[in-house]
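Fold and contact review
So you can see what is in the structure, the chains are spelled out below.
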Amino acid sequence: MSQRSIERLRDYLVQLPPQAQALLMREFERAIERGEDTSVAALVLEQLRQITRGPEDGGRRRSGESARLLYRPLEPFLVGGNAPTRPGQIRRASLMPVWEWLARDGAPELVREYEAALERSGYSETSHEPEALVRKLRLAAANAIFNIATPGPGGDKQRALVRVGPPDVIDDLLPIATVFQAREALDTLNGRLPRYIQAFSDSQIAAVGASLNVPTLQTPQMLPFALSLIMQRLTAPWQIIRLAIKMAASDDEVRVAATPYGIAVTIALHDLAGLAATLRMDIRRGHFANIAENLKTLHDGVRGLRTELDLRNESTWGKQLASIRADISNALQSEIDSVPGRVRRILRQRPDKDIPSGASVDSGEVEETAALIDFVAVCRTYASELAINEVTLRTYSELQHYVERATEALVQSLRGGDARTRAYRQMQVSAAIRFCDVLFGHDYASLMSRAAENAAIGERKPSRAG
């Protein structure tokens, strides 16, 4: 590439957020490992490393890159934020404290040897020396963690754990060590799984079950991570419960819970609860872009657990599912109830004397309200399973009747009235037509739009004649 092209590439990469830069680095490093597009990958990696490794914090950046290579097997299981983790997950925030402990107390000599080898190879795992060292360091890290985190004699273990980090970090120690120790078994499972599983059918369940039939993956510590890998390939992650039902040879929750695969139901319920919390937060913030997709996922998951598992209302799983449904219902109902009021505020036909000069309708509020009307329509699709059937049907019917009547009245208002308020009336009509488009479809909205144009033309003609 020419120098000008490299500068343009660098300018583009600099503008990317840090998360996107890190993702690109990981993908190009993996491409080099596979032997794909090595020239392009090497060039982009060189630019990214120069961008992310400033002179004032070069040591910290290099340390972060060293840790990232070490932690690569953990990537599928990392979660951010402050939400509680479930089996098969590790907090991303725990990684650097553990790395610092390894460099200080856990395996300091091996960490120094590993970092020196990475320095020589330009912080790449493509050469033989760093690859062998990173495998050696992972095993040493696992042994060091097991040594301080497993119960046993010795009064200094608690003191050693405190040196690692806060309680959340300590909770993640054994999962990190377990994944390090089972790296090869997880890689083998990952390679055998289909890229996408649209429907977790009996034949696919049998194939996945055979791939899981490895002693390393069958332990209570490793099985949740193996199941998490499988869930990432499922178009509908809740379907992981089918594997538990198959292994128990029954849909009775008692028999399913008695098998090691019962953890799959716990994982599915946890993820549905997390999605319900995300839905609630999106509604509070007025973010409706992903509402339809999230509602469908929740609806399908709740229905799947209710129909494919024989859950008892008083059981732990039964109570968790009931709590999820109630959480969803409460979040949706409060927002659904507010929509008719917002529509009335925009479309209410006030007397001319009550409309101040220069009054206008906020286009942003109109679009927000239209999104809310669409939100009610989406809720109507999934209302029955999410326990919002009555409020959704009532609100949607109320919106249809009110918007239809209000639109007709506003169109008629264009034929007369004070010229001072005509611009405001036209804004109201435009808002009403926008709502009609959502409620009744494009054809009806177009019809009302032509009626409004004819009404406005009919009003202008007498004015010119006078």
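Above: the structure in question.
Before going into details, it helps to say that this report is about the structure given with it. (Residues numbered from 1 in each chain as written. Predicted model: local features only at pLDDT ≥ 70, side-chain atom pairs only at ≥ 80, totals over all residues. Heavy atoms only, no water.)

1. Quick look at the overall build of the chain
Across its full length, the chain holds 21 helices and two strands. When burial is assessed residue by residue, the chain has 45% of its 466 residues classed as buried. Pairs at least 24 apart in sequence give 71% of the contacts found in the chain among residues at least 6 apart. Carbon and sulfur atoms provide 50% of the accessible area of the chain, an area that totals close to 23,900 Å². (Helix = DSSP H or I, 4+ residues; strand = E, 2+ residues; numbered from the N terminus. Buried < 20%, exposed > 50% of the residue type's maximum accessible area, 1.4 Å probe, protein only. Contact = heavy atoms within 4.5 Å. Areas by Shrake-Rupley, 256 points an atom, 1.4 Å probe, with all protein chains shown as cover.)

2. Notes on helix α13 (residues 241–248)
Where α13 is concerned, the buried positions are Ile-241, Leu-243, Ala-244, Ile-245 and Ala-248. Against α11 (202–212), α12 (223–233), α14 (253–257), α15 (263–285) and α16 (291–308) lie the buried residues of α13. Downstream of α13 by a residue or two, Ala-249 has a phi angle that is positive, lying close to 55 degrees.

3. What to know about the packing of α16 against helix α17 (residues 316–347)
Look at α16 against α17: their axes get within 11 Å of each other, and the N-to-C directions meet at 150 degrees. Considered as vectors, α16 and α17 are oriented roughly antiparallel to each other. Crossing hand, α16 versus α17: left-handed. In contact with Leu-295, Leu-298, Val-302, Leu-305 and Arg-306 of α16, α17 contributes Leu-321, Arg-325, Ile-328 and Leu-332. Taken together, the residues of the contact of α16 with α17 sort by class into seven nonpolar, no polar and two charged. (Axes fitted to C-alpha atoms, helices over the stretch in contact; angles between N-to-C directions. Parallel < 35°, antiparallel > 145°, perpendicular 65-115°, else oblique. Left-handed = near helix turned anticlockwise from the far one by under 90°. Nonpolar A, V, L, I, M, F, W, Y, C, P; charged D, E, K, R; others polar.)

4. Some remarks on the pattern of salt bridges
Counted according to the given criterion, the structure contains 21 salt bridges. Two residues, Arg-344 and Glu-398, come together in a salt bridge whose shortest N-O distance is 2.1 Å. Of the two residues, Arg-344 sits in helix α17 while Glu-398 sits in helix α19 (residues 389–413), which places them 54 residues apart along the sequence. The structure contains a network of salt bridges with shared partners spanning Arg-91, Asp-168 and Asp-172. (Salt bridge = Lys/Arg side-chain N within 4 Å of Asp/Glu carboxyl O.)

5. Some words on the packing of aromatic side chains
Both the distance between ring centres and the angle between the ring planes are used here to describe each pair of aromatic rings. Taken as a whole, this structure holds five aromatic pairs when the rule is applied. With centroids separated by 5.0 Å and ring planes inclined at 80 degrees, the aromatic side chains of Phe-77 and Phe-225 adopt a geometry described as edge-to-face. Here Phe-225 lies in helix α12 and Phe-77 lies in the loop between α4 (58–70) and β1 (78–79), a separation of 148 residues in the sequence. Between Trp-99 and Tyr-114 the ring centres are 6.2 Å apart and the planes differ by 70 degrees, which places this aromatic pair in the edge-to-face class. Taken as a pair, Trp-99 in helix α5 (residues 95–106) and Tyr-114 in helix α6 (residues 108–120) lie far apart in primary sequence, 15 residues in all. Side by side, Trp-99 and Tyr-114 carry an identical accessibility label, which is buried. Over the aromatic face of Tyr-402 sits the side chain of Arg-344, whose NZ or CZ is 5.8 Å from the ring centroid. The side chain of Arg-380 reaches across the aromatic face of Tyr-396, ending 4.0 Å from its centre. (Phe/Tyr/Trp six-rings, centres within 6.5 Å; stacked < 30°, edge-to-face > 60°. Lys NZ or Arg CZ within 6 Å of the ring centre and 35° of its normal.)

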